[in-house]
Amino acid sequence: STSAERAHVYCSHIAHYVRNLKKIHPTFALCPNHHATFHIYDYLLLFGPTHSWWCFPFECSIRILQCLPINHKIGGCLWITNI
């Protein structure tokens, strides 16, 4: 299970990692994923262990990505069904 203490430990480790990226790799540019990792702390406190909710944010993102007009495809959304 995930406790508040474990969430705080996660947050301190990820903060240490991101803070030291610029020291180790001075030319490295932080990206939105680095910012997003700090929100996992909030989700751990709100929703508990990641195995119960981890795929949900990605499933929402996949739906949005499927509707983007890219890859020279003609038409609207790419609908995928499970058979």
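Look up: the structure comes first, before these words.
Below, the structure is looked at part by part. (Residues numbered from 1 in each chain as written. Predicted model: local features only at pLDDT ≥ 70, side-chain atom pairs only at ≥ 80, totals over all residues. Heavy atoms only, no water.)

### Topic: the overall build of the chain
Alright, step 1. Helix and strand counts for the chain stand at three helices and zero strands.
Alright, step 2. What you see in the chain, going N to C, is helices and strands ordered as α-α-α.
Alright, step 3. Every one of the 83 residues in the chain was classed for burial, and the buried ones make up 16%.
Alright, step 4. Considering only contacts in the chain between residues 6 or more positions apart, those separated by 24 or more positions represent 41%.
Alright, step 5. Summed over its atoms, the accessible surface of the chain is roughly 7,100 Å², and 66% of this surface lies on carbon and sulfur atoms. (Helix = DSSP H or I, 4+ residues; strand = E, 2+ residues; numbered from the N terminus. Buried < 20%, exposed > 50% of the residue type's maximum accessible area, 1.4 Å probe, protein only. Contact = heavy atoms within 4.5 Å. Areas by Shrake-Rupley, 256 points an atom, 1.4 Å probe, with all protein chains shown as cover.)

### A closer look at the environment of T37
Alright, step 1. Considering the arrangement of structural elements, one finds T37 in helix α2 (residues 32-47).
Alright, step 2. Spatially, the C-alpha atoms of T37 and Y10 are 9.8 Å apart, while their sequence positions differ by 27 residues.
Alright, step 3. If we ignore the near neighbours within four places in the chain, the residues touching T37 are Y10 and I14.
Alright, step 4. Only 2.6 Å separates the side chain of T37 from the backbone oxygen of H34, close enough to count as a polar contact. (Polar contact = N/O pair within 3.5 Å; in protein donor to acceptor, adjacent residues only side chain to side chain.)

### So, the side chain of H34
Alright, step 1. Summarising the element assignment, H34 is placed in helix α2.
Alright, step 2. Owing to a relative accessible area of 12%, H34 belongs among the buried residues under this scheme.
Alright, step 3. In contact with H34, other than residues within four places in its own chain, are Y17, V18, L21 and F28.

### Section: the environment of Y10
Alright, step 1. Checked against the element boundaries, Y10 lands in helix α1 (residues 4-24).
Alright, step 2. Note on Y10: relative accessible area 23%, which makes it partly exposed.
Alright, step 3. For Y10 and I40, which are 30 residues apart along the polypeptide, the C-alpha to C-alpha distance reads 8.7 Å.
Alright, step 4. With residues up to four places along the chain from it excluded, the contact list for Y10 reads T37, I40, Y41 and L44.

### Describing α2
Alright, step 1. In this model, α2 (16 residues) spans 22 Å end to end at C-alpha, consistent with the 22 Å of a helix rising 1.5 Å per residue.
Alright, step 2. All of the buried residues along α2 are H34, T37, I40, Y41 and L44.
Alright, step 3. Considering only its buried residues, α2 is in contact with α1.
Alright, step 4. Taken from the residues just after α2, G48 is the one with a positive phi, measuring 85°. (Expected span 1.5 Å × (residues − 1).)

No statement about biological role is implied by the geometric values presented.
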